[in-house]
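# Results of the structural survey
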Amino acid sequence: MNMDLSPLWISLKTALSATAVTFVLGVLAAGWRSGRSSRLWELFDGLVLLPLVLPPTVVGFVLLSLFGRTGPLGQILWRAGTILVFSWSATVIAATVVAFPLMYLTARGAFEQIDPGLFDAARTLGATEWEILVGVAIPLAWPGILAGVALAFARAMGEFGATLMFAGNIPGRTETMPVAIYFAIAAGDTRQALLWSGIVLVISLGVLAAMDGWTRYQRRYLARGTRGVVRGGSVARG
Amino acid sequence: MGREASFGGEVSLEVEIEKSFPGFTLQVAFRAGNAPVGILGASGAGKSMTLRAIAGFEPHLRGRIVLDGRVLFDSAAGIHVPSRARKVGLVFQHYALFPHLTVLQNISFGLRRLEPAERARRVAEQMAALHLSGLENQYPGMLSGGQQQRVALARCLVPKPAALLLDEPFSALDTHLRSQLELQVHETLNAYSGVTLLVSHNLEEIYRLCGEIIVLDNGRVVASGPRDEIFRRPPNVVTARLTGCKNFSRARIINPNLVEALDWNCSLRCKEQMQSAIGHVGIRAHHICVTSMPPGVHDASRNEFPCWLVAATEGPFRVTAYLRMHSSTADSSDYHLQVEMPLERWTELQSHSLPWSVRLDPECLIVLPD
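Residues numbered from 1 in each chain as written. Chains lettered and ligands numbered in written order. Predicted model: local features only at pLDDT ≥ 70, side-chain atom pairs only at ≥ 80, totals over all residues.

### Some thoughts on the overall build of chain A
Short version of the rule: Helix and strand definitions here come from DSSP, where helices need a minimum of 4 consecutive H or I residues and strands a minimum of 2 consecutive E residues; each element is numbered from the N-terminal end. To assign burial, the other C-beta atoms lying within 10 Å of each residue's own C-beta are counted, with C-beta atoms placed from the backbone; 20 or more indicates buried, 12 or fewer indicates exposed, and intermediate counts indicate partly exposed. Two residues form a contact once the distance between their C-beta atoms, set from the backbone, is within 7 Å.
Of regular secondary structure, chain A possesses eleven helices and zero strands. Starting at the N terminus and ending at the C terminus, chain A contains elements arranged as α-α-α-α-α-α-α-α-α-α-α. Along the first, second and third principal axes, the C-alpha set of chain A runs to 70 × 45 × 30 Å. Buried residues in chain A amount to 42% of all 238 residues. Sequence-distant contacts in chain A: of pairs separated by 6 or more residues, those separated by 24 or more amount to 76%.

Next comes the structure, spelled out in structure tokens:
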């Protein structure tokens, strides 16, 4: 059987890149966000969480309008000599946008589980906010952050609607596995669709197994210091 | 962190802050020197908030905080030194140790910018002083509460802060560990030359550790001064209550040394003179003398009155008796005086029939203006 494996590599490359981007952006945004509250941040939350509730086709359409040749961002890029739409970068952007809320939400939840007294303690000990994020918040939120990474990877890997609208279906360049499955079915090639579905299933199971293993390991790792992790520091006056 | 805090005889903290939000206003002004200052107050009085303001954690503050000549905060001048640069050490009720770091790493946390040899020397010194040597590679979760709080204290002291703020440091510990740790804190505070503030709702802790006391009530300073002064002559009812006085009656002046105790239905001779027309008299539960004197021989001019037992709670060594003067009652909440006595005395008293006799020693009566 002579099968073009490019959708597998494109899917993996896209999902890995999108996960890397969401990891950095999501952890930074969540770290910056946790412990603060203002109307502006609520607006920010609303904007970044939108892709979670919108149909992927709408996300794709919005991206297309923004980055298309006539779109505001697309024009800037076009003047700079680049066209994003229907390129591999577009698959990464589409996957990033839909995966980001999952990373951001899980990381934020993990950060907010940490006793805020620990951050205050670190501040009185001379630590900068950056040192606190890297040295206290991220290590303590690590299991939650990893769960976010796994979710973001799975979501990026499975991305279909926004990718199809924004990156199209160019075999060898933007055709990811979910897109390949759809077009295989559309062309009546059930065998091909079945094969791709099997590969997706194996990868997804692999991710789940890896996540489970990590959680077990992390539980052992955190059991050393459980007494301190629970939210304890009352900040109430008095 | 590289520079050593300069400690001299002149070390001092000046605080004059105000913060208001719906339903509560904190308005606190005080000065602290080298002697440990205890901040006493009921929960919600603003004790922790005051400490957090000094550490730089309270937003929307007004006023001024000066530590050792350095202006940490001045709302009028727009100065707000961030917490990390204040050189203020904070010890929390729940230790706030970093659970992912070892004891050694926790204590070294504040010395990250120091060269390794100097850092190791200072950490080892501080660990020895707090009897923590040997626990270097343990994680906080493996330690007892007392050990955790000692690690927290070491971590806080090792960067040599100019002020040490202790926020209910013993209240998460059980009684035994508590007194042990208290002894060590006592030693540590003696050796420490910065400003110390200790917040607690436990008056005995404050009494044992602090030479000076500030009493907070509903966001305001209602009393401040040397410990003995505050305990012996509390200036108002709130302070008297917070320093452990259990019995109060509204009072009206008859002449400077004689007051009418309205809630106790009697006139009382007081050694101290009443300064206002109306006020309160109070007496501590262990200052009340109960005897089995037979009825008819009471001398009201010696503040002696017949009394009936209303209720009692027996502890292993001490008994709290609730007494009503002048008449008996069946209602267990309708008592005048709460009296504490040793169990032996209580056993002896019970062999006598009621009424007993109660004496409110004029020397022990606390006279409180309104």
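Once the structure has been displayed, the description carries forward.
### A few points about the overall build of chain B
Along the backbone of chain B there are nine helices and 21 strands. Oriented by its inertia axes, the alpha-carbon framework of chain B measures out at about 80 × 50 × 40 Å.

### Describing the nonpolar core
Keep this limit in mind: The term nonpolar core refers to a set of buried Ala, Val, Leu, Ile, Met, Phe, Trp, Tyr and Cys residues connected through C-beta atoms within 7 Å. What marks off one domain from the next here is an automatic or database domain assignment.
Ranked by size, the top nonpolar core spans 160 residues in total, and within it Ala94 of chain A together with Leu165 and Leu197 of chain B carry the most contacts. No other element matches the 16 residues that helix H7 (residues 129-158) of chain A contributes to this core. Each of two domains, domain 1 (13-240) and domain 2 (248-370) of chain B, supplies a minimum of three residues to this core. When residues no more than four places from it in sequence are discounted, the contact partners of Ala94 of chain A are Gly60, Leu63, Glu159, Ala162, Thr163, Phe166 and Ala167 of chain A.

### As for the domain arrangement of chain B
Residues and elements named next belong to chain B. Let me state the cut-off plainly: Throughout, the ten residues Ala, Val, Leu, Ile, Met, Phe, Trp, Tyr, Cys and Pro are labelled nonpolar, Asp, Glu, Lys and Arg are labelled charged, and all others, Gly among them, are labelled polar.
Domain boundaries assigned for chain B yield domain 1 (13-240) and domain 2 (248-370). The C-alpha-based centres of domain 1 and domain 2 are spaced at 39 Å. Facing four residues of domain 1, the contacting portion of domain 2 comprises five residues. The class makeup of the residues in the side of domain 1 that touches domain 2 is three nonpolar, one polar and no charged.

### Digging into unusual backbone geometry
Residues and elements named next belong to chain B. The linkage connecting Leu354 with the following residue, Pro355, adopts the cis geometry, with an omega of 0°. Residue placement: Pro355 occurs in the loop between helix H9 (343-350) and strand S20 (356-359). One non-glycine residue, Asp68, lies in positive phi territory at about 55°. The residue Asp68 is located in the loop between strand S4 (62-67) and strand S5 (70-74) in this model. For Asp68, a count of 19 C-beta atoms within 10 Å gives the class partly exposed. The phi dihedral of Lys87 is positive, around 60°, even though this residue is not glycine. Take Lys87: there are 22 C-beta atoms within 10 Å of it, and that puts it in the buried class.

### With respect to the environment of Arg70 of chain B
Residues and elements named next belong to chain B. Within the fold, Arg70 resides in strand S5. With 13 C-beta atoms counted inside 10 Å, the residue Arg70 sits in the partly exposed group. Each C-alpha atom, one on Arg70 and one on Asn236, is 34 Å from the other, the two residues being 166 residues apart in sequence.

### Examining the environment of Leu101 of chain B
With respect to the helices and strands, Leu101 of chain B occurs in the loop between strand S7 (88-91) and helix H2 (103-108). Considering only alpha carbons, one finds Leu101 of chain B and Tyr139 of chain B, 38 residues apart in sequence, at a separation of 6.4 Å.

### Looking at the environment of Glu304 of chain B
Relative to the assigned elements, Glu304 of chain B resides in strand S17 (residues 304-314). The spacing of Glu304 of chain B and Arg359 of chain B is 55 residues in sequence and 4.4 Å in space, taken between C-alpha atoms.

### Re the sheet that holds S17 of chain B
Residues and elements named next belong to chain B. Keep this limit in mind: Criterion used throughout: strands pair if DSSP finds at least two bridges between them. Lines are fitted to the C-alpha atoms to define the axes, a helix being fitted only along its stretch in contact, and any angle between axes, read from their N-to-C directions, falls within 0 to 180 degrees.
The five strands are arranged S16-S20-S17-S18-S19 in an open sheet whose pairing can be described as antiparallel. Both outer strands of the open sheet, strand S16 (289-291) and strand S19 (337-342), are each paired with one neighbouring strand and no more. The sheet shows a mean angle of 45° between the axes of neighbouring strands, taken without regard to direction. Bridge count for S17 against strand S18 (residues 318-325) is seven bridges, and the pairing is antiparallel. Looking at the pairing, Glu314 lines up with Val319 of S18. The sheet contacts of H9 involve S16, S18, S19 and S20, and relative to S19 the element is tilted by about 110°.

### So, the sheet that holds strand S12 (residues 247-255) of chain B
All names here are of chain B. Overall, antiparallel pairing links the five strands, which are arranged S14-S13-S12-S15-S21 in an open sheet. Two strands close off the open sheet at either side, each with one partner strand: strand S14 (266-269) and strand S21 (366-369). Each adjacent strand pair in this sheet contributes to an overall mean axis angle of 40°, direction not counted. The sheet contact formed by strand S15 (residues 278-283) and S21 spans four bridges and is antiparallel. For His280, the partnering residue across the bridge sits in S21 and is Leu368.

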